[in-house]
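Chain residues, written in single-letter form:
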Amino acid sequence: MLIHNFALADEVSALNAIYGAGLVVATFSDSHHTTLSLKFPAFGFSFLLRVYADYPLSAPEVLGIDDLMDSRKPEVQQNTVYLGACVRAVHYPDYVCLFDAIDEFEMIMKTLPLGNQGSSDKDEVTERKPTSRASVLRDLALRTRAKAGLDRGDNFTGNLPFDAIDCSSCLEPFFRVDTANLKCKHSLCSECLHGKEPVPEKSVWSLMAVAEGVSSMFIDRSELKCCGESVPVPLIRQHGGFEEEFLERYVFWLQEFRNPNPTYCPWKKCRSFIPKRFIREDYTECPFCKQRICMGCKAKEHGGMCRQDKRLKMLIQKEEWRFCPCGQLVERSYGCNHMTCRCGAKFCYKCGKPSKGDWACGCG
Ligand SMILES: [Zn+2]
Ligand SMILES: [Zn+2]
Ligand SMILES: [Zn+2]
Ligand SMILES: [Zn+2]
Ligand SMILES: [Zn+2]
Ligand SMILES: [Zn+2]
């Protein structure tokens, strides 16, 4: 493909000479703009860039990637934003910038956690710490913001995906793809969302340094909220940097915490909270200790009818039945307070006192 823009044509052939042919390919070119496809060995897709005829006066634009399915993945969207930000950060009018942008982008790729990375450079990648990734991205966000002339102290100007926004908690700059963006329009960076483990020695400084993220609030058994609303679990999962094991515990606890009438296993050795999906109407089997629980009285399984059963209670009231101390139901003959059970016991319908036949309670 003939590239109409001479400066760009030179740069593309230089790039392919350095990185190997195929890194940059022009897929479209006319007198208005050129579309470049940028293929890094680590990715199965290519980034698409639009370079206008006046380049290098104007900066190239990162449009996205060439694979619709992959383009929906969060890590791909992040990488697209990082590449766009790299281009913006290194571009100065009248200087070609693709070499610097690619160089900077590859540096960020090397700080990615292993799971996010393609097959190459594995040994090098495992040695990097997540903190270095955070600081590299923060630095990039700061430079992009300065370049965009958005550094005016208000964080509402950054509307493009490549713009940096401020974390509502620590006020540091981040890319929107890296923050948990809440309904209330506040954004939390990964670190603030995660929260720090409480510091043992309680100096004033360490108290201030403890961010109230999910993990620190979970220790106090409370939920992370912003503007009165709970931070949704999918956002915590995507941006909180938690292990799956913690998330499972957290979600389990949330079910208990948000349940106005939680069921606990009554068996002494267990006492576990039982999530709604295990609850049956009459008897529930505890998913942890496998013992059975009567749902009428929420106590250990017992034979026969449950005195706390709502339907039975209503029936007893309607039919004017009473429980004899022996456990059997006794029917009341019309109007008479003198109840006699099959077991031989006599008791008063009104006050429930047992009687030897003299009906001394005086209820009549
Ligand atoms: Zn933050
Ligand atoms: Zn809020
Ligand atoms: Zn149990
Ligand atoms: Zn019961
Ligand atoms: Zn009886
Ligand atoms: Zn009585």
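The residue numbers shown here count from 1 along each chain, following its written sequence. Following the order in which they are written, the chains are lettered starting with A and the ligands numbered starting with 1. In view of the model being predicted, local features appear only for residues whose pLDDT reaches at least 70, and side-chain atom pairs are presented and counted only at 80 or more, with totals across whole chains, interfaces and linings using the full set of residues. Side-chain numbers come from the whole structure's heavy atoms, not from hydrogens or water.

As annotated in an unreviewed UniProt entry, the protein chain carries the name RBR-type E3 ubiquitin transferase and comes from Cladophialophora chaetospira. Under the Catalytic activity (unreviewed entry) heading, UniProt states for the protein chain: "[E2 ubiquitin-conjugating enzyme]-S-ubiquitinyl-L-cysteine + [acceptor protein]-L-lysine = [E2 ubiquitin-conjugating enzyme]-L-cysteine + [acceptor protein]-N(6)-ubiquitinyl-L-lysine." UniProt positions are given in the numbering used here, feature names are shortened, and annotations may be inferred rather than shown by experiment.

Asker: Before we move on, can you summarise helix 1 (residues 6-19) with the specific residues and values?
Answerer: Each helix is a run of H or I in the DSSP string that is no shorter than four residues. Each strand is a run of E no shorter than two, and both are numbered from the N terminus. A helix is expected to reach a length of 1.5 Å times the quantity of its residues less one. Counted at 1.5 Å a residue, the expected span for helix 1 with its 14 residues is 20 Å, and the 20 Å between its end C-alpha atoms agrees. Each residue's exposure class comes from its accessible area (1.4 Å probe, protein chains only) as a fraction of the maximum for that residue type: buried when under 20%, exposed when over 50%, partly exposed otherwise. Within helix 1, the full set of buried residues consists of Leu8, Glu11, Val12, Leu15 and Asn16. In a view along the axis of helix 1, the buried residues occupy a sector of 130 degrees, so they form one face of it. Exposed side chains of helix 1 directed beyond 90 degrees from the buried face belong to Phe6, Asp10, Ala17 and Ile18. Of the surrounding secondary structure, the elements contacted by the buried residues of helix 1 are strand 1 (24-29), strand 2 (33-38), strand 3 (47-52) and helix 3 (98-110). What qualifies as a polar contact is a pair of N or O atoms within 3.5 Å, subject to a donor-acceptor requirement within protein and to the restriction that residues adjacent in sequence count only when both atoms come from side chains. Its side-chain oxygen 3.1 Å from the backbone nitrogen of Ala7, Asn5 forms the N-cap of helix 1. Gly20 sits one or two residues past helix 1 and shows a positive phi near 100 degrees. Here the arc refers to the set of directions running from the helix axis out to each C-beta atom. Note on contacts: a residue pair qualifies if any of its non-hydrogen atoms lie within 4.5 Å across the two residues.

Asker: Please set out the sheet that holds strand 13 (residues 283-285) residue by residue, giving values where relevant.
Answerer: A sheet is described by the order of its strands in space; here 3 strands give the open sequence 13-14-15, paired in antiparallel fashion. The open sheet is flanked by strand 13 and strand 15 (299-300), the only strands paired with a single partner. Relative to strand 15, strand 14 (residues 292-294) runs antiparallel, the two being bridged by 2 bridges. Bridge pairing links Ile293 to Lys300 in strand 15. When DSSP finds at least two bridges between two strands, those strands are taken to pair.

Asker: Help me get a handle on the sheet that holds strand 20 (residues 354-355), residues and values and all.
Answerer: Spatial ordering of the open sheet is given by 18-19-20, a layout of 3 strands whose pairing is antiparallel. Single-partner strands in this sheet number two, and they are strand 18 (338-340) and strand 20. Both strand 18 and strand 19 (residues 346-348) contribute to a ladder of 3 bridges, which runs antiparallel. Looking across to strand 19, one finds that Met339 is bridged to Phe347.

Asker: Pulling in residues and values, what's your account of the nonpolar core?
Answerer: Residues belong to a common nonpolar core when they are buried Ala, Val, Leu, Ile, Met, Phe, Trp, Tyr or Cys residues joined through side-chain atoms within 4.5 Å. Core analysis: the largest hydrophobic core is formed by 42 residues, its most contacted members being Leu36, Leu38, Phe47 and Phe105. Broken down by secondary-structure element, the contributors of at least two residues to this core are helix 1, strand 1, strand 2, strand 3, strand 4 (61-65), helix 2 (74-90), helix 3 and helix 5 (130-147). Here the element with the most residues in this core is helix 2; it accounts for 9 residues. Excluding residues within four positions of it along the chain, Leu38 makes contact with Leu23, Val24, Ser46, Phe47, Leu49, Leu83 and Ile102.

Asker: Got a sec to walk through the coordination of the zinc ion (ligand 6)? Specific residues and values, please.
Answerer: Distances from the zinc ion (ligand 6) to its protein donors, Cys348 (SG), Cys351 (SG), Cys361 (SG) and Cys363 (SG), fall within 2.3 to 2.4 Å. The donor set comprises N, O and S atoms within 2.8 Å of the metal, extended to 3.2 Å for Na, K and Ca; water molecules are omitted, so apparent gaps in a site may simply reflect that omission. In these descriptions, tetrahedral denotes four donors with every angle between 85 and 135 degrees, square planar four donors and octahedral six donors with opposite donors over 155 degrees apart and the rest between 65 and 115, and irregular any other case. For the zinc ion (ligand 6), the 4 donor atoms are set out with angles of 103 to 114 degrees between them, so the coordination reads as tetrahedral. Linear spacing of the donor residues for the zinc ion (ligand 6) on their chain is C-x2-C-x9-C-x1-C. Of this pair, Cys348 sits in strand 19 while Cys361 sits in the segment after strand 20; the two residues are 13 residues apart in sequence, bridging distant segments of the chain. Residue classification places Cys348 among the buried positions, given a relative accessible area of 0%. Residue classification places Cys361 among the partly exposed residues on the basis of a relative accessible area of 30%.

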